[in-house]
Number of protein chains: 2
Amino acid sequence: MKKTIFVFSALIVALLVLFQLSKYAYLSGDISIEIIIAIIAVVFFFIGIHINKKALRKKEKTTPEINLKKVEQLGISQREYEVLVQISKGLSNKEIANALFVSESTIKTHVSNLLVKLDAKRRTQAIQRAKDLEILGI
Amino acid sequence: MKKTIFVFSALIVALLVLFQLSKYAYLSGDISIEIIIAIIAVVFFFIGIHINKKALRKKEKTTPEINLKKVEQLGISQREYEVLVQISKGLSNKEIANALFVSESTIKTHVSNLLVKLDAKRRTQAIQRAKDLEILGI
DNA sequence: GAAAGACTCATACTAAAGTACCAAAATCAG
DNA sequence: CTGATTTTGGTACTTTAGTATGAGTCTTTC
């Protein structure tokens, strides 16, 4: 919000400066009015592009942001989340165990807990649920 | 490409028209230069936004299209693809069998063939591969 | 009409996945 | 320090998944 106010203030100031500058330049006769207009056009053209890009970027970022909050709400621990990520990559329990340097038993425990917390019966269903809950970057 | 040329031509024409218009308006003394500048600024601001939006829209549309071609290339049959979709939904073989009104044996056969064609060892990996190949609407 | 491919299904295994229950470290908050 | 979580791991069992093999039906195509 502060950023928005700042940006708009800067824009207004820039506009005023341009007004004064153009008036001076025109009165002094150094620069023709065409050039002034062209400069203003180009400047605001790019300002438009820039503003639009920022607006779209924010929209995209709001989606994959809710992640961690929901993970907490579901009571999923850090380690469990790591396992969930590996599951979504298509790894087997044994492969996950190797990747995280723990035993397969541990992974099984984590997976079992995950299934309860995600209300899933299978790991494939857990992947779907996690995707729906926007817990994963997929 | 034709569209781009057209758009830019239109832009240049618009710019020239604005030049003449502004000169006339200024000389006739009806409108002050500030207003002319402001109008030009606003117009080009929105032109910038519009151009940027179109460019971004094109980028997004090129992605989710390639589907069916790759399915053919991989030699995945119609029925196999249906099974793949059900797998990605998180269903078990038995549940898929019920959904498609066939026996679990049949589903197992399809799944086995799918795994070979998708070069996957598990159904979770098959989901990942399918997603990477943009075969699924996920 | 016969070969080819797709779909179906069964049996018999092997291998993962998942459950249940328990328990010892490690970490963290009050 | 202590109680509460988290993380780790084991055993024992049940359930799914996945493989291999064979075979019958059906449709399409040459």
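Scroll up for the structure.
Residues numbered from 1 in each chain as written. Chains lettered and ligands numbered in written order. Predicted model: local features only at pLDDT ≥ 70, side-chain atom pairs only at ≥ 80, totals over all residues. Heavy atoms only, no water.

A. Quick look at the protein's contact with DNA strand D. In the vicinity of DNA strand D lie 18 residues, with Ser77, Val102 and Ser103 of chain A together with Lys108 and Ser112 of chain B positioned nearest. The protein-proximal atoms of DNA strand D, defined as those within 4 Å of the protein, are 67% sugar or phosphate. Lys108 of chain B places a side-chain nitrogen or oxygen 2.7 Å from a base oxygen of DNA strand D. Backbone polar atom of Arg123 of chain B to a phosphate oxygen of DNA strand D: 2.8 Å apart, as the coordinates give it. For the surface near DNA strand D, the secondary-structure elements that each account for two or more residues are helix 4 (78-88) and helix 6 (104-117) of chain A together with helix 6 (104-117) of chain B. Grouping the constituent residues of the surface near DNA strand D by class yields three nonpolar, ten polar and five charged. (Near = heavy atom within 4 Å. Polar contact = N/O pair within 3.5 Å; in protein donor to acceptor, adjacent residues only side chain to side chain. Helix = DSSP H or I, 4+ residues; strand = E, 2+ residues; numbered from the N terminus. Nonpolar A, V, L, I, M, F, W, Y, C, P; charged D, E, K, R; others polar.)

B. Structural detail: the side chain of Gln86 of chain A. Residues and elements named next belong to chain A. Relative to the elements of secondary structure, Gln86 occurs in helix 4. The exposure class assigned to Gln86 is buried, which follows from its relative accessible area of 14%. Not counting residues within four places of it along the chain, the set of residues in contact with Gln86 comprises Leu91, Ile96 and Ala99. (Buried < 20%, exposed > 50% of the residue type's maximum accessible area, 1.4 Å probe, protein only. Contact = heavy atoms within 4.5 Å.)

C. How the structure looks around helix 6 of chain A. Residue and element names in this part refer to chain A. Over its 14 residues, helix 6 runs 20 Å from end to end, which matches the ideal 20 Å to within 8%, given 1.5 Å per residue. Turning to helix 6, its buried residues are Ile107, His110, Val111, Leu114 and Leu115. Take helix 6 and look down its axis: the buried residues cluster within an arc of 135°, on one side only. Residues of helix 6 that are exposed and point more than 90 degrees away from the buried face comprise Ser105 and Val116. Among the structural elements, helix 4, helix 5 (93-100) and helix 7 (123-132) are those in contact with the buried residues of helix 6. One or two residues past the end of helix 6 sits Asp119, with phi positive at roughly 60°. (Expected span 1.5 Å × (residues − 1). Arc of directions from axis to C-beta.)

D. Representation of helix 5 (residues 93-100) of chain B within the structure. All names here are of chain B. All of the buried residues along helix 5 are Asn93, Ile96, Ala97 and Leu100. Looking straight down helix 5, one finds its buried side chains confined to an arc of 105°; they lie on one side. Exposed and facing more than 90 degrees away from the buried side of helix 5 are Lys94 and Asn98. Downstream of helix 5 by a residue or two, Phe101 has a phi angle that is positive, lying close to 60°.

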